[in-house]
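# Structural features, examined
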Amino acid sequence: MDISMLYHASAETKNLMDEIVVQAQSGDKEAFGVIFEQHHRFIFKFIYAMLGDHALAEELTQETFLGAYKNLHSLREEAALKTWLCSIAKNTVYKSFRSRKKEGKQSDEEVETLDLVDYKNPAPDERFLNKELNSRIGLALANLDEDKRVVFILKEIQQLSYNEIAEITGDAIPKLKTDLFRAKAKMRTMLQPYLEVEK
């Protein structure tokens, strides 16, 4: 497929999604179901990486889409659906952080092994190393403050642009770049012992 065909395919997909959003805003539940199907995995992965708790991530993903459904009228035509959903997810996660801190439930020990490293049919020893690396990444992420964790996940794991992340977080791009630099430095320090063993 050449570039022009890719461009037209992409434009058609965007136009179709725009139509689906309009239908959903008019109360079409099936249209909103399409939005959920298209985006729930991305939103779940973001929330899971933020929290390290599979069951809670599932719950907050549902809460995110419930909030999106109730506030779909506020989605501006020029706003990207994915970043709008991610903004709701971020606010839902922050609300959960505050609630869990008040209840004294937040602890590094609660972080599960995150399935963040992609691998296909690895040998048993490779599977163990990937599981161990995921576990250490999860613990390292849990030790970042919320702003740095968000930008690290959205940039390094979700592969969003700085413009998209700025739209989600409301932060200026220079701040995002500084937060990412510091997050990477801290992650590198925390993962260094493991990376040295890997060598």
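This is a predicted model, so every value here is computed, not measured.

Each helix and strand counted, the protein chain has eight helices and zero strands in total. Moving toward the C terminus, one meets the helices and strands of the protein chain in the order α-α-α-α-α-α-α-α. Put simply, of all contacts in the protein chain between residues at least 6 apart along the chain, 65% involve residues at least 24 apart. Split by element, the accessible area of the protein chain, about 12,100 Å² in all, is 52% carbon and sulfur.

Attention shifts here to the side chain of His-39. Mapped onto the elements, His-39 comes out in helix 2 (residues 29-51). A relative accessible area of 13% means that His-39 is categorised as buried. Excluding residues within four positions of it along the chain, His-39 makes contact with Phe-65, Leu-81, Lys-82 and Leu-85.

Before going further, it helps to spend a moment on the pattern of salt bridges. Going through the model one piece at a time under the given rule, you end up with five salt bridges. A salt bridge links Lys-148 to Asp-145; the nearest nitrogen and oxygen atoms lie 2.9 Å apart. Between Lys-184 and Glu-156 there is a salt bridge; the shortest N-O distance is 3.4 Å. Residue Lys-184 is located in helix 8 (residues 173-198), and its partner Glu-156 is located in helix 6 (residues 146-157); the two are separated by 28 residues in the primary sequence. You can call Glu-156 partly exposed: its relative accessible area is 31%. Put simply, Asp-147, Asp-171, Lys-175 and Asp-179 are held in one network by salt bridges that share partners.

Right, let's talk about helix 3 (residues 54-70) for a bit. The terminal C-alpha atoms of helix 3, which comprises 17 residues, lie 24 Å apart, in line with the 24 Å expected from a rise of 1.5 Å per residue. Buried within helix 3 we find Leu-56, Ala-57, Leu-60, Thr-61, Thr-64, Phe-65, Gly-67 and Ala-68. The N-cap of helix 3, judged by a side-chain oxygen 3.2 Å from the amide nitrogen of Ala-55 a few residues on, is Asp-53.

Okay, the nonpolar core next. As a rule of thumb, nonpolar side chains are buried together in soluble globular proteins. Formed by 53 residues in total, the largest nonpolar core has its most connected members in Ile-35 and Ile-47. Taken together, the elements giving at least two residues each to this core come down to helix 1 (3-25), helix 2, helix 3, helix 4 (81-103), helix 5 (124-142), helix 6, helix 7 (162-169) and helix 8. Among the elements that make up this core, the one with the highest residue count is helix 2 (12 residues). Other than its neighbours up to four places away in sequence, Ile-47 contacts Ala-57, Leu-60, Thr-61, Thr-64, Ala-89 and Val-93.

We now examine the packing of helix 2 against helix 3. Packing of helix 2 against helix 3 leaves a shortest axis separation of 8 Å and a crossing angle of 140°. Between helix 2 and helix 3, the angle falls in the class oblique. Crossing geometry of helix 2 relative to helix 3 is assigned as right-handed. Residues Lys-29, Phe-32, Ile-35, Phe-36, His-39, His-40, Ile-43, Phe-44, Ile-47, Tyr-48 and Leu-51 of helix 2 form the contact with helix 3, whose participating residues are His-54, Leu-56, Ala-57, Glu-58, Leu-60, Thr-61, Gln-62, Thr-64, Phe-65, Ala-68 and Tyr-69. Of the residues that constitute the contact of helix 2 with helix 3, the class distribution is 14 nonpolar, six polar and two charged.

Here we take up the packing of aromatic side chains. Throughout the structure, instances matching the rule amount to five aromatic pairs. With centroids separated by 4.8 Å and ring planes inclined at 75°, the aromatic side chains of Phe-36 and Phe-65 adopt a geometry described as edge-to-face. Within this pair, whereas Phe-36 is found in helix 2, its partner Phe-65 is found in helix 3, the two being separated by 29 residues in sequence. Classification of Phe-65 as buried rests on a relative accessible area of 4%. Measuring from ring centre to ring centre gives 5.5 Å for Phe-44 and Tyr-48, while their planes differ by 20°; the resulting arrangement is stacked. Remark: Tyr-48 and Phe-44 occur in helix 2; sequence separation between them is four residues, near one turn of the helix. Take Phe-44 and Tyr-48: they sit in the same class, and that class is buried. Three or more aromatic residues joined by ring pairs form one cluster here, namely Phe-32, Phe-36, Phe-65 and Tyr-69. Here the basic side chain of Lys-82 rests over the ring of Phe-42, its NZ or CZ set 5.1 Å away from the ring centre. When the ring centre of Tyr-162 is taken as reference, the NZ or CZ atom of Lys-155 above it lies at 4.8 Å.

Conventions adopted
The residue numbering used here restarts from 1 in each chain and proceeds along that chain's sequence as written. Under the rules for a predicted model, residues below a pLDDT of 70 receive no local features and side-chain atom pairs below 80 are neither given nor counted, while totals for whole chains, interfaces and linings still include all residues. Calculated side-chain values reflect all of the structure's heavy atoms, with hydrogen atoms and water omitted. Secondary structure elements follow DSSP: runs of H or I no shorter than four residues count as helices, runs of E no shorter than two count as strands, and numbering proceeds from the N terminus. When checking whether two residues touch, look at their non-hydrogen atoms; a contact exists if any pair is within 4.5 Å. We get accessible surface area from the Shrake-Rupley algorithm with a probe of 1.4 Å; when it comes to residues, only the shown protein chains can shield them. Type-normalised accessible area, obtained with a 1.4 Å probe on protein chains alone, sets the label of each residue: buried when under 20%, exposed when over 50%, and partly exposed for intermediate values. Whenever a carboxyl oxygen of Asp or Glu lies within 4 Å of a side-chain nitrogen of Lys or Arg, that contact is scored as a salt bridge. Expected helix span is taken as 1.5 Å per residue step, with the number of steps being one fewer than the number of residues. Polar contact criterion, stated in full: a pair of N or O atoms within 3.5 Å, where within protein one must be able to donate a hydrogen and the other to accept it, and residues adjacent in sequence count only if both atoms are side-chain atoms. For our purposes a nonpolar core is just a set of buried Ala, Val, Leu, Ile, Met, Phe, Trp, Tyr and Cys residues, chained together by side-chain atoms within 4.5 Å. Throughout, an axis means a line fitted to C-alpha atoms (over the contacting stretch in the case of helices), and angles, computed between N-to-C directions, take values from 0 to 180 degrees. Each angle gets one of four labels, with under 35 degrees taken as roughly parallel, over 145 as roughly antiparallel, 65 to 115 as roughly perpendicular, and the rest as oblique. By the definition used in this description, the sense in which the near helix is turned from the far one sets the handedness, with an anticlockwise turn below a right angle giving left-handed and a clockwise turn giving right-handed. All residues other than Ala, Val, Leu, Ile, Met, Phe, Trp, Tyr, Cys, Pro, Asp, Glu, Lys and Arg, Gly among them, are scored as polar; the first ten of these are nonpolar and the last four charged. Classification of ring pairs uses Phe, Tyr and Trp, with its six-membered ring standing for Trp, and accepts pairs whose centres are within 6.5 Å; under 30 degrees between planes counts as stacked, over 60 as edge-to-face, and the remaining range as tilted. In this scheme, Lys NZ or Arg CZ marks a charge over a ring once it lies within 6 Å of the ring centre and within 35 degrees of the ring normal.

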